[in-house]
Amino acid sequence: MKQDVSKRFHVLIPDDRWFEENIGCEKACPVNTRAPQYISEVREENYNLAFELNRGDNLFPAILGRICVHPCEEKCRRGLLIDLPISICSLKRASADFKTHTPQEETAIKKRGKKVAVIGAGPSGLSAANDLARLGYSVVIYETFSIPGGMLNVGIPPYRLPREVVRQAIEEVKRLGVQIITRTPIGKELNLESLRKKYEAVYIAAGAHKAEKLGIPGEDLQGVIHGVTFMQMVNLKRDLKFDSRVAVVGGGNTAMDAARSSFRLGAKEVFILYRRSREEMPVDSRELEQVEEEGIQVHYLTQPIRVLSRDGIRVSGVQCIRNRLGEPEKDGRRRPIPMEGTEFEIDIDLLIPAVSQSPDISFLPDEIGLEISKWDRLSVNPETFETNVQGIFAGGDFVTGPRDVIRVIADGRKAALSIHSYLSGEEFEKKPSHFTTVSEVKIDPDLEKIPRQKMNTTPIQERKSVDKEVELGFSKEVAVREAARCLQCHIFTIFDRTKCILCGGCVDICPKSCFRMARLNEIEGDESLSKLVESLYGVSCEEAERLNLATVIFKDESRCIQCGLCVKKCPTGTITMEQYHRESTPYGGDQG
Ligand SMILES: Cc1cc2nc3c(=O)[nH]c(=O)nc-3n(C[C@H](O)[C@H](O)[C@H](O)COP(=O)(O)OP(=O)(O)OC[C@H]3O[C@@H](n4cnc5c(N)ncnc54)[C@H](O)[C@@H]3O)c2cc1C
């Protein structure tokens, strides 16, 4: 279709999808955590309510408030429009730090008389178990390690995630009646086939614990310990100490944790070897700052090519080569290209390759006929988490390889619903989206001037223990100040067309120039605009344009800071401020 150059403005008539996309943080969260709502509660110092909102959506607020990869912050309107995003993650922690009571789960859950087995007590298995138990199923989790929690206990170190916080979260799941049987790997005495006979459904959430190798000569020498194995030792052998020179290879969470744990356990010197540049590093910039503060040297654009040994038995060094960056790869990061002639050696006695992990599918029996992808992963339907074998579901890192806690919690919650509909034939009834009127939007007049608040950390000289938590959380005062920065994107200005007299007051008063007034022939829209015009004027959109029938006021929502000045200025009460509540699901959205 020929583009009409006079149409300067492209408009959309808002629908549910539009409202959801405009609450960027909530939309970006894999479980759609109601971030603007809990942030408003923190601002009002209603920590119990803020915690309950979080617990309803993402299950483990005290854990996620410390270690979540917070995809929400990337989509925060404040970060896109004004300065830095709201510390959504740290405000989640504030809700957990300052709550004065833990909400009690429903005691009278109607039992359905059906049993579900879960393999793996990591965050994905725990979240599925939690929801299935709340839906009335009897759930038993089988776990290889002596403690439940998966990577929350055997991967992430306690200086980032105190063990008491993990213990309490698991206790809450157990309080629902979920049984966790530890030291019981499925695949040995007990296998998947016997679980199928004993239980009506099985959810496999066995994680990704097999270290990926670097594939360079010397990797089998003594003194080469792969990242996940090293972190297991740090977390399970509590008396570990060493004074080695350590090189860690990688740029993700496991690499940073291995390097920072080495520093705490007495290493003389710690290097991180990363093959790309700082910009490409997947790890959070706040963590990288802490790495640097702790004196860990990061060699960017550096790749190991051979592990060296003086005696042919133990590691004595690593040979590396410098890289330059080439074209972007599929994931958008630029490809590292080794530069011949730049080889150099570093003396070390411990090498920790921490480049990636993969799931160990060896315990899945061939006889069942589970479909395995060409990447050696168990194939599942990405919507329902069902495998090709009836009654067997799988999710978390086990089906994708390493991801992060919030995404595997989302898998567990969706898989639980899917298992529920498989076992009961019922679909979970969702509540439709709706609005509630907000009588007054509370807004700090200096909102735009408040900088992102900093969190206090343990001084470096006191960090020589893996148990000493580094990030100390916000004080109440700082939490309230940070929460006051939020633009409250869940509140929208809603216009009653029948009351508008087109005075333009809203256009004039808006400090962010959100509103525009235009003739119909200046705007372009889709069929919903045509339908609206036809229903109002009884003629086609083209005819209404030709007859110059309409003047339109429209709004650029992405600039709105919810100041409410337009509402106050409007002489006819056309504009109200209303809170949008998305269609509800048990793993997010409005449940109230
Ligand atoms: C060092 C490290 C740091 C990390 N840091 C972060 C971070 O800061 N933020 C973040 O969001 N994510 C982080 N992650 C990633 C995150 O921990 C994982 O994505 C998440 O734990 C995966 O959850 P899961 O339940 O799928 O698997 P896991 O947590 O791996 O749990 C799987 C469980 O299954 C058990 N299991 C395996 N096989 C069997 C079997 N055959 N029978 C019985 N039980 C079995 C395992 O013992 C384990 O307990 C980190 C990971 C590591 C390794």
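Here's what I pulled together on the structure shown here. (Residues numbered from 1 in each chain as written. Predicted model: local features only at pLDDT ≥ 70, side-chain atom pairs only at ≥ 80, totals over all residues. Heavy atoms only, no water.)

A word on the overall build of the protein chain
Moving on, step 1. The helix and strand inventory of the protein chain stands at 22 helices and 22 strands.
Moving on, step 2. Rg of the C-alpha trace for the protein chain: 27 Å, near the compact-globule value of 25 Å for 592 residues, within the 12% margin.
Moving on, step 3. Its C-alpha atoms put the protein chain at 90 × 65 × 55 Å along the principal axes.
Moving on, step 4. By the burial criterion, 53% of the 592 residues in the protein chain qualify as buried.
Moving on, step 5. Taking all contacts inside the protein chain whose residues are at least 6 apart in sequence as the whole, residues at least 24 apart take part in 73%.
Moving on, step 6. Taken as a whole, the protein chain presents about 27800 Å² of accessible surface, with 48% of it coming from carbon and sulfur. (Helix = DSSP H or I, 4+ residues; strand = E, 2+ residues; numbered from the N terminus. Rg over C-alpha atoms; globule rule 2.2 N^0.38 Å. Buried < 20%, exposed > 50% of the residue type's maximum accessible area, 1.4 Å probe, protein only. Contact = heavy atoms within 4.5 Å. Areas by Shrake-Rupley, 256 points an atom, 1.4 Å probe, with all protein chains shown as cover.)

Let's talk about the pattern of salt bridges
Moving on, step 1. Tallied over the entire structure, the rule returns 40 salt bridges.
Moving on, step 2. Residues E329 and R276 are paired through a salt bridge, measuring 2.4 Å at the closest nitrogen-oxygen approach. Placement of E329 in the loop between β11 (317-328) and β12 (334-338) and of R276 in the loop between β8 (269-273) and α15 (285-293) is noted, with a sequence separation of 53 residues between them.
Moving on, step 3. For E329, a relative accessible area of 31% translates into the label partly exposed.
Moving on, step 4. By sharing partners, the salt bridges in this structure join R160, D257, R260, R264, E287, E293, E294 and R463 into a single network. (Salt bridge = Lys/Arg side-chain N within 4 Å of Asp/Glu carboxyl O.)

Quick word on the layout of surface pockets
Moving on, step 1. Approximately 1300 Å³ is the volume found for the second largest pocket.
Moving on, step 2. Looking at the second largest pocket, it is lined by 47 residues, and the ones nearest its centre are F495, V552, I553, F554 and K555.
Moving on, step 3. For the lining of the second largest pocket, the elements supplying multiple residues, two or more each, are β1 (9-10), α1 (16-22), β18 (491-495), α19 (505-509), α20 (527-537) and β21 (551-555).
Moving on, step 4. Split into classes, the residues belonging to the lining of the second largest pocket amount to 31 nonpolar, ten polar and six charged. (1 Å grid on protein atoms, 1.4 Å probe; cavity = no way out; pocket = protein on both sides within 12 Å on 5 of 7 lines; lining within 4 Å. Points joined across faces, edges and corners; volume = space filled by probe spheres on them. Nonpolar A, V, L, I, M, F, W, Y, C, P; charged D, E, K, R; others polar.)

Re the site of the ligand
Moving on, step 1. Neighbouring the ligand are 36 residues, the closest being I67, E143, R160, H209 and D397.
Moving on, step 2. Within the backbone of I186, a nitrogen or oxygen atom sits 2.8 Å from a nitrogen atom of the ligand.
Moving on, step 3. In the model, an oxygen atom of the ligand is placed 2.5 Å from a nitrogen or oxygen of the H209 side chain.
Moving on, step 4. Relative to its unbound accessible area of 1000 Å², the ligand is 95% covered by the protein chains. (Near = heavy atom within 4 Å. Polar contact = N/O pair within 3.5 Å; in protein donor to acceptor, adjacent residues only side chain to side chain.)

Regarding empty space enclosed by the protein
Over the atoms, a rolled probe matching the size of one water molecule traces out where space is still vacant.
Moving on, step 1. Overall, the coordinates contain three cavities of 30 Å³ or more when judged by the stated rule.
Moving on, step 2. Size it by volume and the largest cavity reaches roughly 100 Å³.
Moving on, step 3. Lining the largest cavity are 14 residues, and of these C29, T33, C68, C72 and K92 sit closest to its centre.
Moving on, step 4. Where the lining of the largest cavity is concerned, the elements lending two or more residues are α3 (35-43), α6 (71-74) and α8 (88-98).
Moving on, step 5. Among the elements that line the lining of the largest cavity, the one with the most residues is α8, at three residues.
Moving on, step 6. Here the residues of the lining of the largest cavity are counted per class, giving ten nonpolar, three polar and one charged.

As for the packing of α8 against helix α18 (residues 476-483)
Moving on, step 1. Closest axis-to-axis distance for the α8/α18 pair is 10 Å, and the angle between their directions is 140°. On the basis of their axis angle, the class for α8 and α18 is oblique. In the crossing of α8 with α18, the sense of the turn from one axis to the other is left-handed. Seen from α8, the contacting residues are L91, A94 and F98; seen from α18, they are K476, A479, E482 and A483.
Moving on, step 2. Split into classes, the residues belonging to the contact of α8 with α18 amount to five nonpolar, no polar and two charged. (Axes fitted to C-alpha atoms, helices over the stretch in contact; angles between N-to-C directions. Parallel < 35°, antiparallel > 145°, perpendicular 65-115°, else oblique. Left-handed = near helix turned anticlockwise from the far one by under 90°.)

Quick notes on the environment of I523
Moving on, step 1. Mapped onto the fold, I523 is located in strand β20 (residues 523-524).
Moving on, step 2. Residues I523 and A129, 394 residues apart in the sequence, show an inter-C-alpha distance of 51 Å.
Moving on, step 3. Aside from chain neighbours lying at most four places away, what touches I523 is K7, F9, V11, A518, L529, V552 and F554.

Comments concerning a nonpolar patch on the surface
Moving on, step 1. Together, L536, Y537, L547 and L549 make up an exposed nonpolar region whose accessible area comes to about 330 Å².
Moving on, step 2. Structurally, L549 is set in the loop between α21 (541-546) and β21.
Moving on, step 3. We classify L549 as partly exposed; its relative accessible area is 37%. (Patch = residues over 30% accessible without salt bridge, like charges linked within 9 Å, V, L, I, M, F, W, Y side chains within 5 Å.)

Some remarks on the sheet that holds β18
Moving on, step 1. As summarised here, the arrangement of the three strands in space is β17-β22-β18, forming an open sheet in which the pairing is antiparallel. Every interior strand has two partners, whereas the edge strands, β17 (434-437) and β18, have only one. Looking at each pair of strands side by side, their axes are set apart by 50° on average, direction ignored.
Moving on, step 2. Across four bridges, the pairing between β17 and strand β22 (residues 575-581) is antiparallel. Paired with F435 across the two strands is Y580, which belongs to β22. (Pairing = 2+ DSSP bridges.)

Observations concerning the packing of helix α4 (residues 47-58) against α8
Moving on, step 1. At their nearest, the axes of α4 and α8 sit 8 Å apart, and the two run at 120° to each other. Viewed along their axes, α4 and α8 adopt a mutual orientation that is oblique. For α4 against α8, the interelement crossing comes out left-handed. Seen from α4, the contacting residues are Y47, A50, F51, N54 and N58; seen from α8, they are K92, A94, S95, A96 and F98.
Moving on, step 2. For the contact of α4 with α8, the residue count by class is six nonpolar, three polar and one charged.

Looking at the environment of W375
Moving on, step 1. Considering the arrangement of structural elements, one finds W375 in the loop between β15 (357-358) and β16 (392-394).
Moving on, step 2. In this structure, the C-alpha to C-alpha distance between W375 and S358, residues 17 residues apart in sequence, is 9.8 Å.

Side note on the sheet that holds strand β2 (residues 115-119)
Moving on, step 1. Strand order across the open sheet formed by five strands is β4-β3-β2-β5-β16, with parallel pairing between neighbours. The strands lining the two open edges of the sheet, one partner per strand, are β4 (179-181) and β16. In this sheet, neighbouring strand axes are inclined to one another by 20° on average, regardless of whether the strands run parallel or antiparallel.

Details of the environment of F515
Moving on, step 1. Mapped onto the elements of the fold, F515 is located in strand β19 (residues 515-519).
Moving on, step 2. Assessed through its relative accessible area of 4%, F515 is described here as buried.
Moving on, step 3. Taking the C-alpha atoms as reference points, F515 and E578, 63 residues apart in sequence, are found 18 Å from one another.
Moving on, step 4. Dropping the residues within four chain positions of it, F515 is found in contact with F495, C506, V507, C510, I553, F554, K555 and C566.

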